[in-house]
Amino acid sequence: MKLIEALNIISKTPGDGTPMNVALICGFTPLHLSAFLHAELNKCFPDNKIILSTGLYGDLLGNLNAINENKPDAAVVLIEWADLDARLGTRQLGGWGPRHLKSICDRVSSYLAEVGRRLDQASANCPIYLCLPTLPLPPLFHTYRWQASNPEMQLRGELFSFASRFSNNSRINLLNIQRLDHLSPPSERLDVKSEWESGFPFSIPHASVVGELLAKLIHNPPGMKGLITDLDNTLWNGIVGDVGAQGVHWDLDHHSQSHGIYQQFLRTLSEEGALLGIASKNDPANVEEVFQRADILLPKNCLFPCELGWQSKSRSIGRILKIWNIGADSVVFIDDSLAEIAEVRSAYPDIKCIQFPCGDHRGAYKLIEHLRDLFGRRSISQEDALRLNSIREHARFEQDGQNDENGFSEELLREMKAELTLSFVKDERDGRLLDLLNKTNQFNLNGKRYTESSWQDYMHRPDTYVLAVSYKDRFGLLGKIAVLAGRTDGNSLWVDTWAMSCRAFARRIEHQCVKSLFDFFGAAQILLNYTKTTKNIPLARFLKEIIHKEPEGLLTLSRESFLNSCPKLYHQLVIPRNADLTHV
Amino acid sequence: MSSPRERLIKCFKAVFPELNEQEIQMASTASVANWDSVAGITLLTVTEEEFKITVKPEDLEQLSSFELILDYLNSEKLVASNAAIS
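Thresholds, definitions, all that
Residues numbered from 1 in each chain as written. Chains lettered and ligands numbered in written order. Predicted model: local features only at pLDDT ≥ 70, side-chain atom pairs only at ≥ 80, totals over all residues. Heavy atoms only, no water. Axes fitted to C-alpha atoms, helices over the stretch in contact; angles between N-to-C directions. Helix = DSSP H or I, 4+ residues; strand = E, 2+ residues; numbered from the N terminus. Parallel < 35°, antiparallel > 145°, perpendicular 65-115°, else oblique. Left-handed = near helix turned anticlockwise from the far one by under 90°. Contact = heavy atoms within 4.5 Å. Nonpolar A, V, L, I, M, F, W, Y, C, P; charged D, E, K, R; others polar. Patch = residues over 30% accessible without salt bridge, like charges linked within 9 Å, V, L, I, M, F, W, Y side chains within 5 Å. Areas by Shrake-Rupley, 256 points an atom, 1.4 Å probe, with all protein chains shown as cover. Salt bridge = Lys/Arg side-chain N within 4 Å of Asp/Glu carboxyl O. Buried < 20%, exposed > 50% of the residue type's maximum accessible area, 1.4 Å probe, protein only. Pairing = 2+ DSSP bridges. Expected span 1.5 Å × (residues − 1).

### Details of the packing of helix α20 (residues 509–521) of chain A against helix α21 (residues 537–547) of chain A
If you want to describe how two helices pack, look at the angle between their axes and the distance between the axes. All names here are of chain A. Remark: α20 packs on α21, axes separated minimally by 11 Å, with the N-to-C direction vectors making an angle of 55 degrees. The orientation of α20 with respect to α21, classified from their angle, is oblique. Crossing of α20 against α21: the hand is right-handed. Each of E510, H511 and V514 in α20 lies in contact with α21, whose residues at this interface are F542, E545 and I546. When the residues that make up the contact of α20 with α21 are grouped by side-chain class, the tally is three nonpolar, one polar and two charged.

Now the structure itself:
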């Protein structure tokens, strides 16, 4: 992005959204970096009014302390070598040479320890987005520039041990230096003219890339949920119907390593909780034989459902989407044939279609990198591991005819020994709740999204409650599948936000949630802060069922009318004793 | 391609969005309250980016109004070294 584009984005963004306070903390004058970061944040958060604040020049530690007082929604912390010791920059002339090197290393070590302490404190007050030094070290070591010196390695070692300390802290997110290296060549980052004239050390292209990546780091977009793959010339090289199961390959010897690495990567995605399915025009018996091979890298049990046959790909994909119960815009389809891709795209314009570059090693590796970005996630939860199994079970019920048109049959609901755990504990470390609120579309009361900070603020309010719902039955565990949050107001109970995973549909969990709110709080009525979105149709259907009309805007639900509409519920309820409702 | 004047107006508009075109062409450090040191550096960087030039540090102080910057961009020395302006 050019600086003029960034400035135009900032000036043209309407300032009427929900305020989002972001602190940009660094030891240098942030100048154009703040413009790029501001513009990129405007792009990532179009519904927010971005308020970007910067601290005092040269006072990194003081600016870190200010986080504890100001409590912004997010704090971006950039550390450059010159912040750790001014002699590692070029604006101050404190001396280089061999006699300074030990004291430089010692100072960097002690300064990093102090920065670490303050980051620990600050991270309790807001999420931190940390960027380690991006600029090159100046030529202060005695070696040629092509030889690494011991002091330089000591400095880098200190830095990496500092970074590794925070890499497992969910409140401190590190910018990936490898990605930065890819997008901003290290030799073109420092602008000494700018640094010496204005105190801003970044070249414009470098500032643009750093701003973009930091905004992405804060944004944390919801990743894709499912991938549907073709088989011939995609999952493996060759057409199994022509050459047989032993004739297809995915290895170096047959120059088909790209298919092997693709299989390996899909297995990784599966273990991380992504849904994988197959849409292939093939004879099921041939495919089965390939999956029996000992050298297959992606076991068949990672893939469900497998749509094999001669129907159109779009039809196969329609069936897979129905079983997964997710929107096409959360799914990637990969096929080597442009004709198949065109056919699928015409039926499902929202699906992300990518051609597998068969025979193009570099293209295949780029595809893997691209998929990493599409399916990235900050952490892996217990629910991610449960997802595929619960979908399989659900599909099995369908195949066994145990579903009626509205969901599971009454007989099955009665006998499935469903157990719901209703936790009213406000656990700010529970990232699953925020994941549910920000990634659930279909059963979502109003589509409201939260930043980590705004969710924490909401939870900390004394008049609010948070209900986290976990589910299991005799067929298995679904884990934490729903979250409701709201406020009390006399005899009324407000529900401000409500999201439930699509895996939990058809079990009357939503009815039990509402009933439990009435029972738990003794409320006479519940006020649901409903907003129609393009996707919350299942939730609207549920509301229509209990209020007997199309839902619209704020809905008032009396206990009596709800109980009259509520079908029979069979769940056994577990309510942990440490419910945090003392103020509600 | 737009004239240097039009391109410079675009640069000013990005840095001082509150000014209209007429005000921009009369703008100077004395007349625009928001033209502080940070705005000055930003304006200079945007202008360097737009005209693909590098302003010498010793020339910075003289660039204190729209007309002076335009004169500077049109100066023979700069025009000779930068075909993008013509």
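What follows continues from the structure just given.
### Brief notes about a nonpolar patch on the surface
All names here are of chain A. Nonpolar side chains collect at one region of the surface, where L190, V192 and W196 lie side by side and expose about 270 Å² of accessible area between them. Here L190 lies in the loop between α7 (177–183) and α8 (192–198). Of the residues examined, L190 reaches a relative accessible area of 32% and is grouped as partly exposed.

### Describing the side chain of T451 of chain A
Among the secondary structure elements, T451 of chain A is positioned in the loop between β14 (443–444) and α19 (452–460). Apart from residues lying up to four places away in sequence, T451 of chain A is in contact with M20, D73 and L434 of chain A.

### Thoughts on the sheet that holds strand β3 (residues 74–78) of chain A
Residues and elements named next belong to chain A. Read from one edge of the open sheet, five strands run β2-β1-β3-β4-β5, paired in parallel fashion. One side of each edge strand has no neighbouring strand; the edge strands of this open sheet are β2 (48–54) and β5 (172–174). For this sheet, the mean angle separating the axes of adjacent strands, direction not counted, is 25 degrees. The sheet contact formed by strand β1 (residues 18–25) and β3 spans four bridges and is parallel. The residue of β3 that forms the bridge with V22 is A74. Each of β3, β4 (128–131) and β5 is contacted by helix α5 (residues 97–123), which is oriented at about 155 degrees to β4, the strand it contacts most.

### Thoughts on helix α13 (residues 313–324) of chain A
All names here are of chain A. The terminal C-alpha atoms of α13 lie 16 Å apart, and with twelve residues this matches the ideal 16 Å at 1.5 Å per residue to within 8%. Of all the residues in α13, the buried ones are K313, S314, S316, I317, G318, I320, L321 and W324. Following α13 by one or two positions, N325 has its phi on the positive side, about 60 degrees.

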